[in-house]
Amino acid sequence: YQRRVHGMVGLPLVSLAAGHNFILEVPTTIILLCRLENLDVSHNVIIGLPSVLKDMRTLRSLDVSRNHMIVHPVSSMIWLRFLYLRTVPGFSSFNFRLFTQLEELHVDRNDLSTVPAVFTSLRWFSLNLNKITHLPSWVVSLPRLEYLDVSKNPRITHLPSGGWSAPIRFLNLAHPRNSNLASIGTRFDRDLTAICIIFICIFAIAM
């Protein structure tokens, strides 16, 4: 992979997708791709990322999902706009409130019990397949939030009773085998008027 990246130097690459390649490490020569905006190294066996990534200020989107990786230096790349951390151990120490330009955050499949705090710039928040116990009211009041996915978090038993000021257009609450669906629906009867356009996805999916 390092030889391949070196061979790309000089190309006006804006996006690089290198998922599903059994990559062990991202070479430091990646910094030579000075126009790179989108980097996808998901579904590999990466155990660490080079520190040079924190100097690649052209990057806007980073997908490191499903790797066996150490999160540094992603935690310091606070200029990112799109960040994908599905099944990435160790990111719970991140302070996402420092990511002031972040528009999309995907933290699915991470055994999270609480919702990580984020900056108000977020438009897309995906938290499915975790162990979240409740949805805090500050989430549904994020001023730019349009997409919220908390599906397959069967421990969520109720929704915030008020404060639904976020401009949510898509809300996924799918709870396979969840006995609390009725109470969730009851809460929504009260809150629907506070949401512009909403598609509630509640499915009893056999697993």
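Computed from a predicted structure; not experimentally measured.

A.B. asks: So, the pattern of salt bridges: which residues are in play, and what are the values?
C.D. replies: Here the structure, examined in full by the defined rule, presents three salt bridges. Taking the shortest distance from any N to any O, the salt bridge between Glu-103 and Arg-123 comes out at 3.1 Å. Here the residue Glu-103 occupies a position in the loop between strand E4 (82–84) and strand E5 (104–106), and Arg-123 occupies one in the loop between E5 and strand E6 (124–126), the gap between them amounting to 20 residues. The exposure class of Glu-103 is buried, given its relative accessible area of 16%. Residue Arg-123 is classed as partly exposed on the basis of its relative accessible area of 23%. Asp-111 is paired through a salt bridge with Lys-131; the nearest N and O atoms lie 3.8 Å apart. With Asp-111 in the loop between E5 and E6 and Lys-131 in the loop between E6 and strand E7 (147–149), this pair connects stretches of sequence that are 20 residues apart. Residue classification places Asp-111 among the exposed residues on the basis of a relative accessible area of 55%.

A.B. asks: Tell me what's going on with the nonpolar core, and back it up with residues and numbers.
C.D. replies: One finds Leu-83, Leu-85, Phe-96, Leu-105 and Phe-125 to be the most contacted residues of the largest nonpolar core, which totals 55 residues. Setting aside anything within four residues of it in sequence, one finds Phe-96 in contact with Leu-83, Leu-85, Phe-91, Leu-102, Leu-105, Val-107, Pro-116, Ala-117, Val-118 and Phe-119.

A.B. asks: Can you break down the environment of Tyr-147 residue by residue, with the values?
C.D. replies: Relative to the helices and strands, Tyr-147 is located in strand E7. Among the residues examined, Tyr-147 registers a relative accessible area of 16% and is labelled buried. Residues Tyr-147 and Phe-170 lie 23 residues apart in sequence; the distance between their C-alpha atoms is 4.9 Å. If we skip the residues at most four places from it in the chain, Tyr-147 touches Arg-123, Trp-124, Phe-125 and Phe-170.

A.B. asks: Before we move on, could you go through the environment of Asp-55 and cite the residues and values that matter?
C.D. replies: Tracing the chain through its elements places Asp-55 in the loop between strand E2 (38–40) and strand E3 (61–63). A relative accessible area of 48% means that Asp-55 is categorised as partly exposed. Distance in space between the C-alpha atoms of Asp-55 and Ile-31 is 7.8 Å, their sequence separation being 24 residues.

What counts, and at which threshold
- Residues numbered from 1 in each chain as written.
- Predicted model: local features only at pLDDT ≥ 70, side-chain atom pairs only at ≥ 80, totals over all residues.
- Heavy atoms only, no water.
- Salt bridge = Lys/Arg side-chain N within 4 Å of Asp/Glu carboxyl O.
- Helix = DSSP H or I, 4+ residues; strand = E, 2+ residues; numbered from the N terminus.
- Buried < 20%, exposed > 50% of the residue type's maximum accessible area, 1.4 Å probe, protein only.
- Core = buried A, V, L, I, M, F, W, Y, C linked by side-chain atoms within 4.5 Å.
- Contact = heavy atoms within 4.5 Å.

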